[in-house]
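# Structural features, examined
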Amino acid sequence: MAGRFEPGVRRASVRGGDTRVPAGVPRQATAPRTRSWTPPWPLDLGLVLGPLRRGPADPTFRTTPDGSVWRATRTPEGPGTLRVALRGGTVEAEAWGDGAAWLLDGLPELLGASDDPDAFTPRHRLVAASRHRRPGLRLLRTGLVLESLIPSILEQKITTDEAYRAWRLLVRTFGEPAPGPETRLHVMPDPRGWALIPSWEWHRAGVDDKRASTILRAVRAARRLEEAAAMPAPEAMARLELIPGIGPWTSAETVQRSNGAADAVTVGDLHLPRIVGYALAGDRDADDAAMLELLAPYEGQRHRAARLILLSGRTPPRREPKMRRVDIARW
């Protein structure tokens, strides 16, 4: 069932999930574990991995001038750092830490090997054009739930800038330095680490009691929630929504990343229905019901369709102020 504290409206946190990756030059391989993998399709690392980035200063994700994408995470085997770069159509990967082998084993799925973009048929000219311009777009699958669930909870009912700040402060303060040579990366806390964060530190990061309590409930059920990464998306979302404070918006944002859920359309967002409505029907006042009706021809692929619409850049002109930032640390 939907969580008691799930907000009624939200603002979209990722406008298509595109991250710019510099062209760069090859970098010397120094990692103890490596893997090369050649995908049988065009691949755009920025488009595929972009949804994992929580703001330009995300301590768990960065791109570097040599064309690499770096990711620090907590795997079932322990902390790990993954560096991936695309060289002549081949993905060159390096990994460090206890989770290195797990990250390298999951590299193809992370980069969209389990995705099936051929199952998608554009029904609108704008969607078809957006897809044509991005042949390297595939939907990632991390196989990890908490790393996407916790920042999604932080993004409930506030501006993205506030949520990114909270994620940055909490991970840098209570996480740990990521293994490997990239010294600016951090791994998020383990479930016990999240549970031990003092109430005043949540407050200092701008996280209200409702969101902090939801995260604490989630980490207490961490093992059961992580099992959802292997479930079909509807069952995975249902399991997440058993936690009070987690509703359809949060569960969809999570399984889009953890499960590669092509149909997990985000509902309850402040801006997404208006963007979809304006792009497909010229309706800048569309609500969730109107958005779902417009996306009905894409049943089974509604998340992919919404993402292509976001990437098209066709958005309604702003006519209301941005959501006001509230600094609860001053309360």
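What you see is a predicted model; the values in this text were computed from it and never measured.

### What about the overall build of the protein?
- A count of helical and extended segments in the protein gives 15 helices and 7 strands.
- Looking at the protein residue by residue over its 331 residues, the buried ones come to 56%.
- Of the contacts formed within the protein by residues at least 6 apart in sequence, a portion of 71% connects residues at least 24 apart.
- For the protein, the accessible surface area stands at approximately 14700 Å², while carbon and sulfur atoms represent 51% of it.

### Focus on the side chain of Ser130
- One can find Ser130 in helix H4 (residues 125-133).
- A distance of 3.2 Å separates the side chain of Ser130 from the side chain of Arg134, its partner in a polar contact.
- When near neighbours in sequence (up to four residues on either side) are disregarded, Ser130 contacts Leu308, Leu311 and Ser312.

### Points about the nonpolar core
- Core analysis: the largest hydrophobic core is formed by 34 residues, its most contacted members being Leu149, Leu170, Trp194, Trp202, Val207, Ile215 and Leu225.
- With 5 residues, the single largest contributor to this core is helix H5 (residues 146-154).
- Sequence-distant contacts of Trp194, that is, excluding residues within four places in its chain, are made with Ile150, Trp167, Leu170, Met188, Pro189, Trp202, Ile215, Leu216 and Val219.
- Within the second largest apolar cluster, 21 residues are counted, among which are Leu52, Ala100, Leu103 and Leu140.

### Let's talk about the sheet that holds strand E4 (residues 78-87)
- The 5 strands lie next to each other as E1-E5-E4-E3-E2, forming an open sheet whose pairing is antiparallel. One side of each edge strand has no neighbouring strand; the edge strands of this open sheet are strand E1 (33-37) and strand E2 (61-63). Taking each pair of neighbouring strands and ignoring which way they run, the sheet shows an average axis angle of 20 degrees.
- As paired strands, E1 and strand E5 (residues 90-96) are joined by 5 bridges and run antiparallel to one another. Paired with Thr34 across the two strands is Glu94, which belongs to E5.

### Observations regarding the packing of H5 against helix H12 (residues 248-258)
- At a minimum axis separation of 9 Å, H5 and H12 run at an interaxial angle of 145 degrees. By crossing handedness, the relation of H5 to H12 is classed as right-handed. Residues Ser148, Leu149, Ser152 and Ile153 of H5 lie in contact with H12, whose contacting residues are Trp249, Thr250, Glu253, Thr254 and Arg257.
- Of the residues belonging to the contact of H5 with H12, the class tally is 3 nonpolar, 4 polar and 2 charged.

### Remarks on the pattern of salt bridges
- If you walk through the whole model with that rule in mind, you get 16 salt bridges.
- Arg74 serves as the salt-bridge partner of Glu176, at 2.7 Å between the closest nitrogen and oxygen. Highlighted residues: Glu176 in strand E6 (residues 176-177) and Arg74 in strand E3 (residues 68-75), separated in sequence by 102 residues.
- With a relative accessible area of 18%, Arg74 lands in the buried category.
- Between Glu253 and Arg257 there is a salt bridge, with the nearest N and O atoms lying 3.4 Å from each other.

### A look at unusual backbone geometry
- Located in the positive-phi region is Lys157, a residue other than glycine, with phi close to 65 degrees.
- Examined against the element boundaries, Lys157 turns out to sit in the loop between H5 and helix H6 (160-174).
- Lys157 sits in the exposed class, given a relative accessible area of 59%.

Calculation notes
- Residues numbered from 1 in each chain as written.
- Predicted model: local features only at pLDDT ≥ 70, side-chain atom pairs only at ≥ 80, totals over all residues.
- Heavy atoms only, no water.
- Helix = DSSP H or I, 4+ residues; strand = E, 2+ residues; numbered from the N terminus.
- Buried < 20%, exposed > 50% of the residue type's maximum accessible area, 1.4 Å probe, protein only.
- Contact = heavy atoms within 4.5 Å.
- Areas by Shrake-Rupley, 256 points an atom, 1.4 Å probe, with all protein chains shown as cover.
- Polar contact = N/O pair within 3.5 Å; in protein donor to acceptor, adjacent residues only side chain to side chain.
- Core = buried A, V, L, I, M, F, W, Y, C linked by side-chain atoms within 4.5 Å.
- Pairing = 2+ DSSP bridges.
- Axes fitted to C-alpha atoms, helices over the stretch in contact; angles between N-to-C directions.
- Left-handed = near helix turned anticlockwise from the far one by under 90°.
- Nonpolar A, V, L, I, M, F, W, Y, C, P; charged D, E, K, R; others polar.
- Salt bridge = Lys/Arg side-chain N within 4 Å of Asp/Glu carboxyl O.

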